[in-house]
Amino acid sequence: MKKILCAGIGAIGGAVSSLLGGWDAGAVTLLIFMGVDYLSGLVVAGVFHASPKSGGGALESRAGFKGLCRKGMIVLFVLIAARLDMLLGTNYIRDGVIIGFCANELLSVVENAGLMGLPLPGAVMSAVDVLAGKGENERHE
């Protein structure tokens, strides 16, 4: 039974990896960033009760499910980008999508660290604001 289960999990993992364009450093990095972002969001809500995504800032199953759905959409975008690369005979669309989503996940992790009260340098917070599309005026209002 153990061999059948391991073979099944391996086959599913191989199929998913193939659909996503391979299991390389970009895919691993994106999945790590997604996991760190999700876990840091759970800590912000569960421990610090400071989540802007739930009513009282505390853990909320609906907000957590929405976060998982967003992570699922990121994986689907990587799938689409990998298929576009195959269709067009290129090898940079998937990488560009992965890099973009890695940057987005990194921004979210930094924001979560700020919500936890971690003292972040002003330059880092300014960069987060710029990358998140907020102007200097919006941040101080």
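Parameters at a glance
- Residues numbered from 1 in each chain as written.
- Predicted model: local features only at pLDDT ≥ 70, side-chain atom pairs only at ≥ 80, totals over all residues.
- Heavy atoms only, no water.
- Helix = DSSP H or I, 4+ residues; strand = E, 2+ residues; numbered from the N terminus.
- Rg over C-alpha atoms; globule rule 2.2 N^0.38 Å.
- Buried < 20%, exposed > 50% of the residue type's maximum accessible area, 1.4 Å probe, protein only.
- Contact = heavy atoms within 4.5 Å.
- Axes fitted to C-alpha atoms, helices over the stretch in contact; angles between N-to-C directions.
- Parallel < 35°, antiparallel > 145°, perpendicular 65-115°, else oblique.
- Left-handed = near helix turned anticlockwise from the far one by under 90°.
- Nonpolar A, V, L, I, M, F, W, Y, C, P; charged D, E, K, R; others polar.
- Lys, Arg positive; Asp, Glu negative; His and termini not counted.
- Salt bridge = Lys/Arg side-chain N within 4 Å of Asp/Glu carboxyl O.
- Polar contact = N/O pair within 3.5 Å; in protein donor to acceptor, adjacent residues only side chain to side chain.

Caption draft 1: Here's a closer look at the overall build of the chain. Along the chain, the regular secondary structure elements total six helices and zero strands. Beginning at the N terminus, the succession of helices and strands in the chain can be written as α-α-α-α-α-α. Rg of the C-alpha trace for the chain: 18 Å, well past the compact-globule value of 14 Å for 141 residues, more than 25% over. Structurally, the chain occupies a C-alpha span of about 55 × 40 × 25 Å along its principal axes. Across the 141 residues in the chain, those meeting the buried criterion constitute 23%. Taking as baseline every contact in the chain between residues at least 6 positions apart, the subset at least 24 positions apart corresponds to 57%.

Caption draft 2: Geometry of the packing of helix H2 (residues 25–46) against helix H4 (residues 93–115). Between H2 and H4, the least distance of the axes is 9 Å, while the angle of their chain directions is 25 degrees. Relative to H4, H2 is oriented roughly parallel. The hand of the H2/H4 crossing is left-handed. Residues Gly-26, Ala-27, Thr-29, Leu-30, Phe-33, Met-34, Val-36, Asp-37, Ser-40, Gly-41 and Val-44 of H2 lie in contact with H4, whose contacting residues are Arg-94, Ile-98, Phe-101, Cys-102, Glu-105, Leu-106, Ser-108, Val-109, Asn-112 and Leu-115. When its residues are assigned to classes, the contact of H2 with H4 shows 12 nonpolar, six polar and three charged.

Caption draft 3: Fine view of the side chain of Asp-85. Relative to the assigned elements, Asp-85 resides in helix H3 (residues 61–88). Although Asp-85 is buried, it makes no salt bridge; Arg-94 carries the closest opposite charge, 6.4 Å away. Within the structure, Asp-85 has its side chain in polar contact with the backbone nitrogen of Ile-93 (distance 3.0 Å). Non-local contacts of Asp-85, meaning those with residues more than four positions away in its chain, are made with Thr-90, Asn-91, Tyr-92, Ile-93 and Arg-94.

Caption draft 4: Here's a closer look at unusual backbone geometry. Despite not being glycine, His-49 shows a phi value in the positive range, around 50 degrees. Looking at the secondary structure, you find His-49 in the loop between H2 and H3. A relative accessible area of 47% means that His-49 is categorised as partly exposed.

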